[in-house]
Amino acid sequence: MNFYNFIVNPKPKRLIALLGVLFFCSFSINAQKPKYRNVFKEMGYSQKDIDAKLQKAYYDVFEGPNKVYFEEEDSLAYVSDVKNKDARSEGMSYGMMVAVQLNKKEVFDKIWRWAVKYSQHQSGPREAYFAWSINPITKKKNSQGSASDGELYFVTSLLFASNKWGNDTGINYYKEARRILDNMWKKDGTGNIYNVINTDAKQISFVPEGANYKWTDPSYHLPAFMEVWAKYAKDGHEDFYKACADTSRVFLHRACHPVTALNSDYTEFSGAPHPTRWMPPGFRYDSWRVPMNIAMDYTWYGKDKKWQLDYAKRFQNFLRSKGLDTYDDQFNLDGSKPEFILQAGPVKKLRHSIGLVSTAATTALINKGKESNDFVKAIWNAKLEPYEDGYFDPYFDGLMYLFSLMHLSGNYKIIEPAK
């Protein structure tokens, strides 16, 4: 059949057939699975060496002399920000994501049980939310309030665990994820507690409480996780989660500087910097996570590839302009040196931090050009060890390093239900 005639002169049967073809093509495109690149292997590193590096990073963070993972009794464990001597919902949920991605079920279950026992609110306006900071010795909550990214990672890791291991091996992961979500949707401001996601802005809040519900943290924007919720939560809010994913992508366009690609740690829902009483706007520790989150969304869903490629190139170009082996870890958004330095550890200073080196390297998942190679080599050659002045952060630097190796070796994936 002449396809041109088929198109321009469609009879009813032909039109039905054409619509069927277009639907099939559209479905096929949407059904394509993401490709999880092993960037290290593409660059010539052996699979044996790649596996060894990932295993060593896991050992260092979870098992070695400078570990941040600590077991208690037979069935409990926590992840600690050791330099601040607390267990945070951020680190606990990160630990669970590492565990489900690397098939460490026992580790996952122990962290979850500890979080439920000591961190999760079991009643009241905050029911099912997590206190963001716990004293791991006394088990007292340093703060009753939540940091919204903790809930985001808890739910996503639980949904992945449900898909990976099922729900009849000791913990009903899906039921636990739904408990968080169902309680999240019940929160209407009673007790000044709200949904983790600002339902008007369709964006994740900095804290689902009081005035902090009305602004955000760009590093909490994980459109890929919202897509996961839309597919696997099955709680009746699928369209809302999809809208949140799309809104986050547009938000990131606005939040990232048009030249440097840097974003402020905190922003308004518009993307404009949000100053706080404890620090002025700037690119600091929270912001390090943004390039890795964008790389994840590019790999998993690829719905904003053109902008994400431009972002990756701008971000790489900026860091390269500051010296690939020497760039600092905090900046004003225009790339200038900040007067205010957010202190970490005993000394207030700028560093060439392995955490930022790690997340910067993941932009190679987006920018496939040779200009990405130096960033990948930088993380391959990096060592998770104390700086010359003795400062060491095996928690945040360590987890960013481990996440980066997982991404770049193709070991950070959407976990679909076992068939």
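This structure is a prediction, so every number in the text was calculated from the model and none was measured.

1. Some points on empty space enclosed by the protein
To find leftover empty space, a probe the size of one water molecule is rolled over the atoms.
Then comes step 1: Taken as a whole and judged by the stated rule, the model has four cavities of 30 Å³ or more.
Then comes step 2: In this structure, the largest cavity occupies an estimated 70 Å³ of space.
Then comes step 3: Along its surface, the largest cavity is lined by Leu 152, Ile 197, Lys 202, Gln 203, Ile 204, Tyr 220, His 221, Leu 222, Met 226, Cys 244 and Ser 248.
Then comes step 4: Broken down by secondary-structure element, the contributors of at least two residues to the lining of the largest cavity are β7 (203-204) and α10 (238-255).
Then comes step 5: For the lining of the largest cavity, the per-class residue count stands at seven nonpolar, three polar and one charged.
Then comes step 6: Roughly 60 Å³ of volume is contained in the second largest cavity.
Then comes step 7: Around the second largest cavity, the lining residues are Tyr 36, Arg 37, Ala 295, Met 296, Thr 299, Trp 300, Leu 365, Met 406, His 407, Gly 410, Asn 411 and Tyr 412.
Then comes step 8: Of all the secondary structure elements, the ones that give two or more residues to the lining of the second largest cavity are α11 (289-300) and α15 (396-408).
Then comes step 9: Here the lining of the second largest cavity takes four residues from α11, the largest share from any one element.

2. Here we look at the nonpolar core
Then comes step 1: Within the largest apolar cluster, 129 residues are counted, with the highest numbers of intra-cluster contacts made by Trp 229, Tyr 241, Ile 379 and Phe 403.
Then comes step 2: Not counting residues within four places of it along the chain, the set of residues in contact with Phe 403 comprises Tyr 94, Met 97, Val 98, Tyr 153, Met 292 and Tyr 412.

3. Observations regarding the side chain of Ser 264
Then comes step 1: The topology assignment puts Ser 264 in the loop between α10 and α11.
Then comes step 2: A polar contact of 3.2 Å, which involves the side chain of Ser 264, links it to the backbone nitrogen of Gly 282.
Then comes step 3: Not counting residues within four places of it along the chain, the set of residues in contact with Ser 264 comprises Pro 218, Ala 255, Pro 273, Pro 281, Gly 282, Ser 287 and Leu 333.

4. Regarding helix α6 (residues 105-119)
Then comes step 1: Spanning 15 residues, α6 covers 20 Å between terminal C-alpha atoms, matching the ideal 21 Å at 1.5 Å per step.
Then comes step 2: Among the residues of α6, Val 107, Phe 108, Asp 109, Lys 110, Ile 111, Trp 112, Trp 114, Ala 115, Tyr 118 and Ser 119 are the ones counted as buried.

5. Brief notes about the confidence of the model for the chain
Then comes step 1: Per-residue confidence for the chain gives a mean pLDDT of 93; residues scoring 70 or more make up 92%.
Then comes step 2: Between residues 1-31, whose pLDDT stays under 50, and residues either more than four places distant or in other chains, the model counts 10 contacts.

6. A closer look at the pairing of strand β1 (residues 69-72)
Then comes step 1: Bridge count for β1 against strand β2 (residues 76-81) is four bridges, and the pairing is antiparallel. Looking across to β2, one finds that Tyr 69 is bridged to Val 79.

7. Description of unusual backbone geometry
Then comes step 1: Here the phi dihedral of Glu 73 falls at roughly 55°; this positive angle occurs in a residue that is not glycine.
Then comes step 2: When you line up the elements, Glu 73 lands in the loop between β1 and β2.
Then comes step 3: Although it is not a glycine, Ala 128 adopts a positive phi angle of roughly 80°.
Then comes step 4: Secondary-structure assignment places Ala 128 in the loop between α6 and β4 (133-134).

Cut-offs and rules
- Residues numbered from 1 in each chain as written.
- Predicted model: local features only at pLDDT ≥ 70, side-chain atom pairs only at ≥ 80, totals over all residues.
- Heavy atoms only, no water.
- 1 Å grid on protein atoms, 1.4 Å probe; cavity = no way out; pocket = protein on both sides within 12 Å on 5 of 7 lines; lining within 4 Å.
- Points joined across faces, edges and corners; volume = space filled by probe spheres on them.
- Helix = DSSP H or I, 4+ residues; strand = E, 2+ residues; numbered from the N terminus.
- Nonpolar A, V, L, I, M, F, W, Y, C, P; charged D, E, K, R; others polar.
- Core = buried A, V, L, I, M, F, W, Y, C linked by side-chain atoms within 4.5 Å.
- Buried < 20%, exposed > 50% of the residue type's maximum accessible area, 1.4 Å probe, protein only.
- Contact = heavy atoms within 4.5 Å.
- Polar contact = N/O pair within 3.5 Å; in protein donor to acceptor, adjacent residues only side chain to side chain.
- Expected span 1.5 Å × (residues − 1).
- pLDDT = per-residue confidence, 0-100.
- Pairing = 2+ DSSP bridges.

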